[in-house]
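# Residue-level structural notes
Spelled out from the first residue to the last, the chains are:
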Amino acid sequence: MTTTDPTTTDANENKFLSFRIGKEEFGVEILRVREIIGVIDVTPLPQTPDYVKGVINLRGKIIPVIELRTKLGLESKEYTEETCIIVVEVSDGGDERFHMGVIVDSVSEVMDIPRDNIEPAPRFGNSLNTGYILGMGKVKEQVLILLDIDRVMTQADLASLAETARGETPAETTKAA
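Residues numbered from 1 in each chain as written. Predicted model: local features only at pLDDT ≥ 70, side-chain atom pairs only at ≥ 80, totals over all residues. Heavy atoms only, no water.

### Quick word on the confidence of the model for the protein
Note the cut-off: On a range of 0 to 100, pLDDT expresses the predictor's confidence in each residue. Contact definition: two residues touch when any of their heavy atoms are within 4.5 Å.
When pLDDT is averaged across the protein, the result is 83; 77% of the residues are at 70 or more. For residues 1–8, every residue scores under 50 in pLDDT, and the model assigns this stretch one contact once sequence neighbours within four places are set aside. Considering only residues more than four positions removed or in separate chains, one finds that residues 170–177, a stretch of pLDDT under 50, has six contacts.

This is the structure in structure tokens:
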């Protein structure tokens, strides 16, 4: 049985990986990040939303890949040398955790943001869903949009991606049911 060193977890608790999509700066908890890789060939999956780019084979493991820019309602753009895939660990809403690749325009840095510098997500009433925003990180003179990576995708999206990560296709699951 392996144990987690509490000092390592505590030391990383307020750390966020910052990245850019367009002109906006976002962040995700560093403890959820498994690795960062350059954009590699993605095998497309049929009958998936535009933001689901497909799957990659990363050292023998099938990992679903989404384009965060498209998922957030921004127009897709051609990838550059700075475009990369952040491999994160997400939960399907139950006990299952799996890896998912998230394509972003560029990765910036790891930032230490104390909890008292994180404001709650703004409220816009029922007209705008901000449930995927963990908070707004105040860093110097800028604001970092901190994402709750588990909530960026809907539960149905995550369940479908979890099936893909296990090597099943949503169509196979539907046929079996």
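### Here's the deal with the sheet that holds strand β10 (residues 133–139)
Put simply, the rule reads: Pairing between strands is defined by DSSP: at least two bridges between the two strands are required. Note on conventions: DSSP H or I runs of at least 4 residues are helices, E runs of at least 2 residues are strands, and numbering of each starts at the N terminus.
Here six strands make up an open sheet; going across it, the order is β8-β1-β2-β11-β10-β9 and the pairing mixed. Two strands lie at the open edges of the sheet, namely β8 (106–112) and β9 (118–119), each paired on one side alone. Here six bridges tie strand β1 (residues 15–21) to strand β2 (residues 24–29), and the two strands are oriented antiparallel to one another. Counterpart to R20 in the pairing with β2 is E25.

### Let's talk about the nonpolar core
Under the convention used in this document: Buried Ala, Val, Leu, Ile, Met, Phe, Trp, Tyr and Cys residues form a nonpolar core when they are joined through side-chain atoms within 4.5 Å. Think of it in three bands: with a 1.4 Å probe and only protein chains considered, a residue is buried below 20% of the maximum accessible area for its type, exposed above 50%, and partly exposed in between.
Within the largest apolar cluster, 26 residues are counted, with the highest numbers of intra-cluster contacts made by F19, L68, V88, M100 and V102. Secondary-structure elements contributing two or more residues to this core are β1, β2, β6 (84–91), β7 (97–104), β10, β11 (142–147) and α3 (149–152). Within the second largest apolar cluster, eight residues are counted, among which are I37, I56, V65 and V87.

### Things to note about the pattern of salt bridges
As a reminder, the rule being used: The rule for a salt bridge is simple: a side-chain nitrogen of Lys or Arg has to be within 4 Å of a carboxyl oxygen of Asp or Glu.
Tallied over the entire structure, the rule returns eight salt bridges. Between K15 and D112 there is a salt bridge, and its shortest N-O distance comes to 4.0 Å. Of this pair, K15 sits in strand β1 while D112 sits in strand β8, and the two are 97 residues apart along the sequence. Close ionic contact of R20 with E25 constitutes a salt bridge, the shortest N to O distance being 2.2 Å. Given a relative accessible area of 30%, R20 falls into the partly exposed group. On the basis of relative accessibility, which here comes to 9%, the residue E25 falls in the buried class. Taken together, the shared-partner salt bridges in this structure form one network comprising R34, E89 and R97.

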